[in-house]
Amino acid sequence: MSTPGERVLIKGNEAICRGAVDAGCQCFFGYPITPQNDIPEYMSKVMPNLGRVFVQAESEVAAANMLLGAAACGVRAMTSSSSPGISLKQEAISYMGGTELPAVIVNISRGGPGLGDIGPSQGDYYQAVKGGGHGDYRQLVLAPGTVQEAYDLIGKAFDLAFTYRNPVMLLGDAIIGQMMEPVTLGNPKDTGNKSPDLGWNLTGKGQRDPRLLKSLHLTDGALAGHNLHLRDKYASMEKDVLFENFLVDDAELIVVAFGSIGRIAKSTIRKLRASGKKVGLHRPITLFPFPSRELDKLAAVGKRFLTIEHNLGQMVDDVRLAVRKHADSDFYGHMPGNLPTPEDFEQPILAALGVNS
Amino acid sequence: MKNGKAAFTLPGVLADVPTHYCPGCQHGVAQRLVAECLDELALSEKAICIGSIGCSVFIYNYLKVDCVEAPHGRAPAVATGVKRARPEAAVFTYQGDGDLASIGMAETMHCANRGERVTIIFVNNTVYGMTGGQMAPTTMVGQRTTTCPGGRCADNEGEPIKMTEIIASLGGTAYAARVAVDSVKNVRAAKKAVRKAFEAPQNNLGLGFVEILATCPTNWKMTPVQANKRIAEELIPYFPLGTYKDLMWEQTAEGTEVEG
């Protein structure tokens with residue numbers, strides 16, 4: 001565990017591990033897949049030394065279901081994977097959504113579809129935000145843009161998981177996972193008591209009535225009631241929306257970009273500002289709940305929008321929905337397989353501004 | 001009542017409700033055996049049951065213990081997560097043949113191979129029951145189901161999988177046995193096996209596994225009496241009953257004292 005205030009130079013994947021350990025993660029279930037292998041490797045060293053659980057599962061499917069079991073017990077538990085592995089975890093994520101279990105899933109996403117490549121991509125946005133598993137459920141999705149944020153947000157992911165009894169995904173990519181940056185560590189949480197009675201979790205019934213955690217609702221009307229309850233719960237997550245606005249006040253054009261692409265776009269915007277271009281950045285940090293209200297506010301005062309993503313265009317749908325009463329959004333997609341530089345975004349931004357360079 | 005003495009009482013952990021099972025189905029017998037063993041071993045207060053898919057799933061309506069529902073085939077992985085998170089709990093799964101031997105084959109074998117300190121109760125009735133009688137990995141060669149209407153053909157669908165033999169071969173298994181509940185004698189033997197399947201992980205020896213050959217008269221299109229006869233005449237010769245691995249017995253034979 002960390003010493004509070006300690007400053008370290010670490011990779012994004014290690015920051016996620018240290019954040020999880022400091023947040024009191026008691027159980028980690030994983031399976032190797034590039035580019036997130038540092039996570040199970042780190043956890044296999046650290047967790048047993050702390051008297052906590054590390055299991056290398058036989059598959060991503062099994063790892064996600066081990067997570068389901070630990071989450072049903074009410075302990076802080078986590079799994080991590082990368083895109084094709086996350087597809088395999090979707091079955092359990094849907095069940096955890098339906099059963100209302102708190103769990104943290106890390107996706108250090110890579111290029112796709114299929115086996116794709118092992119480089120960065122934002123091609124998993126739809127899967128993360130719209131639900132890659134079956135049925136009408138949502139998961140909270142947090143997208144860090146720096147290694148520091150990766151450390152901070154994994155702790156937040158555990159808190160949100162338990163606040164809402166819901167799966168939470170930390171959506172990074174190969175850039176966030178593999179780059180090194182200085183990180184200030186926080187206050188480790190003492191979650192030594194592994195058997196707290198939270199009122200819903202499985203502890204062995206003892207003297208109380210037995211508890212049942214399930215997602216099967218066969219009685220007439222039971223599933224409808226459950227789905228409406230979930231709808232209200234998802235709506236209540238709005239209060240936990242997170243985003244970064246950068247130089248938006250006087251901007252004519254606002255670039256909307258998340259994660260590592262948001263961070264690269266920020267560099268482009270700094271450069272264009274130096275030559276007097278009125279551009280700003282809106283970077284959603286929670287992808288669900290999406291900062292729709294904030295984007296609507298910006299649209300209402302006449303801003304124009306350009307969504308930049310490392311895919312064919314996925315988040316742009318949510319941006320358009322958010323701003324639709326007042327504006328639209330242009331789109332620029334940088335294809336996975338190529339790591340974008342701040343220069344790559346200059347022409348698309350200038351074009352959206354209506355500037356011929 | 002005979003001579004003023006109750007001949008038949010309800011185990012405390014068994015809920016006093018009618019089950020939804022079809023007439024002649026032996027899930028009721030299997031679940032009663034589980035209930036009796038939980039009571040006798042005083043495990044119900046620290047038991048956590050993993051419900052699975054198919055007719056087995058409703059076990060949580062009939063046993064008064066903490067329970068979580070697993071996706072199809074994944075109960076042994078869910079049990080692993082529960083047991084690792086809560087090592088003091090008596091964790092068990094209750095699964096059918098489609099769930100355990102088909103979609104969940106990987107989870108079943110790896111859970112056993114890791115020697116998870118959990119109990120797996122495997123009810124084998126050679127058919128997918130709840131979904132309407134389709135072919136299972138344990139369906140007998142020649143047995144007609146809705147997805148092998150001409151009868152299972154070994155050339156096309158392979159031979160029925162013998163799970164107990166497979167599980168017994170894995171290093172982490174402490175106890176593996178196959179029993180049947182078609183006769184009073186076999187039910188008595190089945191009770192002993194279920195009890196040992198709970199004792200083995202409680203004694204920290206590894207995984208406890210028991211396969212229970214049971215009837216599905218509805219999907220076999222038989223009367224309950226015919227179904228019992230099928231178990232004796234057709235299933236048991238192919239799926240031999242017996243204990244395939246028993247570390248408790250081996251330890252006792254070597255003079256090491258064990259509980260139970």
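Residues numbered from 1 in each chain as written. Chains lettered and ligands numbered in written order. Predicted model: local features only at pLDDT ≥ 70, side-chain atom pairs only at ≥ 80, totals over all residues. Heavy atoms only, no water.

Q: Would you take a moment to explain the packing of helix α1 (residues 27-40) of chain B against helix α8 (residues 184-202) of chain B for this structure?
A: Geometrically, a packed helix pair is captured by the angle between its two axes and the distance between the axes. All names here are of chain B. Between α1 and α8, the least distance of the axes is 9 Å, while the angle of their chain directions is 50°. Classified by the interaxial angle, the pair formed by α1 and α8 is oblique. As for how α1 packs across α8, the hand of that crossing is right-handed. Residues Val 29, Leu 33, Val 34, Glu 36, Cys 37, Leu 38 and Glu 40 of α1 lie in contact with α8, whose contacting residues are Val 187, Ala 190, Lys 191, Val 194, Arg 195 and Phe 198. Residue composition of the contact of α1 with α8, grouped by class: nine nonpolar, no polar and four charged. (Axes fitted to C-alpha atoms, helices over the stretch in contact; angles between N-to-C directions. Helix = DSSP H or I, 4+ residues; strand = E, 2+ residues; numbered from the N terminus. Parallel < 35°, antiparallel > 145°, perpendicular 65-115°, else oblique. Left-handed = near helix turned anticlockwise from the far one by under 90°. Contact = heavy atoms within 4.5 Å. Nonpolar A, V, L, I, M, F, W, Y, C, P; charged D, E, K, R; others polar.)

Q: Looking at this structure, I do not really get the packing of aromatic side chains. What am I missing?
A: A ring pair, where both rings are aromatic, is described by two values, the distance of the centres and the angle of the planes. All names here are of chain B. Considering all chains together, one arrives at nine aromatic pairs over all chains under this definition. For the pair Phe 58 and Tyr 60, a centre-to-centre distance of 6.5 Å together with 80° between the ring planes defines the contact as edge-to-face. A residue is classified by how much of its surface remains accessible, and Phe 58, at 13% relative accessible area, is buried. The positively charged end of Lys 162 is found above the aromatic ring belonging to Tyr 238, 4.3 Å away from the centroid. (Phe/Tyr/Trp six-rings, centres within 6.5 Å; stacked < 30°, edge-to-face > 60°. Buried < 20%, exposed > 50% of the residue type's maximum accessible area, 1.4 Å probe, protein only. Lys NZ or Arg CZ within 6 Å of the ring centre and 35° of its normal.)

Q: Looking at this structure, I do not really get the pattern of salt bridges. What am I missing?
A: Side-chain pairs of opposite charge can arise whenever the charged atoms involved come near each other. As enumerated under the stated definition, the model contains 35 salt bridges over all chains in all. With its nearest N and O atoms 2.8 Å apart, the salt bridge here joins Arg 283 of chain A to Glu 244 of chain A. Of this pair, Arg 283 of chain A sits in strand β12 (residues 279-284) while Glu 244 of chain A is found in strand β10 (residues 243-246), placing the two residues 39 residues apart along the sequence. Put simply, Glu 234 of chain B and Arg 230 of chain B hold a salt bridge, and the shortest N to O gap is 2.9 Å. Note that Glu 234 of chain B and Arg 230 of chain B are positioned in helix α10 (residues 224-238) at a spacing of four residues, about one turn of the helix. For Arg 230 of chain B, a relative accessible area of 7% translates into the label buried. One network of salt bridges, in which partners are shared, links Arg 32, Glu 36, Glu 40, Lys 191, Arg 195 and Glu 199 of chain B. (Salt bridge = Lys/Arg side-chain N within 4 Å of Asp/Glu carboxyl O.)

Q: Could you clarify how one ought to interpret the nonpolar core in this entry?
A: One recurring pattern in soluble globular proteins is that nonpolar side chains are buried together. In terms of nonpolar packing, the biggest core is built from 113 residues, with Phe 29, Met 43 and Met 78 of chain A together with Ile 50 of chain B touching the most fellow members. If one sorts the elements of this core by residue count, helix α3 (residues 60-72) of chain A sits on top with nine residues. Counting 42 residues, the second-largest nonpolar core is a separate cluster that includes Ala 30, Val 34, Tyr 62 and Val 210 of chain B. (Core = buried A, V, L, I, M, F, W, Y, C linked by side-chain atoms within 4.5 Å.)

Q: Help me understand the interface of chain A and chain B, please; the structure alone is not making it clear to me.
A: A common measure of how large an interface is: the accessible area buried when the components associate. Counting from both sides, the interface comprises 39 residues of chain A and, opposite them, 32 residues of chain B. Of the roughly 2700 Å² buried where chain A meets chain B, counting both sides, 60% is carbon and sulfur surface. When the area that chain A buries against chain B is broken down by residue, the three leading residues are Glu 58, Tyr 95 and Lys 205 of chain A, summing to 19%. Taken together, the links from chain A to chain B amount to three salt bridges. The residue Asp 66 of chain B makes a salt bridge to Arg 208 of chain A at a minimum N-O spacing of 2.7 Å. Remark: the boundary between chain A and chain B carries 17 residue pairs in polar contact (both at pLDDT 80 or more). It is α3 of chain A that contributes the most residues to the side of chain A that touches chain B, eight residues altogether. Split into classes, the residues belonging to the side of chain A that touches chain B amount to 21 nonpolar, 10 polar and eight charged. For strand β9 (residues 212-213) of chain A and strand β2 (residues 66-69) of chain B, the ladder comprises two bridges, and the chain directions are parallel. Counterpart to Leu 212 of chain A in the pairing with β2 of chain B is Cys 67 of chain B. (Buried area = accessible area lost by both parts, 1.4 Å probe. Polar contact = N/O pair within 3.5 Å; in protein donor to acceptor, adjacent residues only side chain to side chain. Pairing = 2+ DSSP bridges.)

Distances and angles like these do not, on their own, reveal function.
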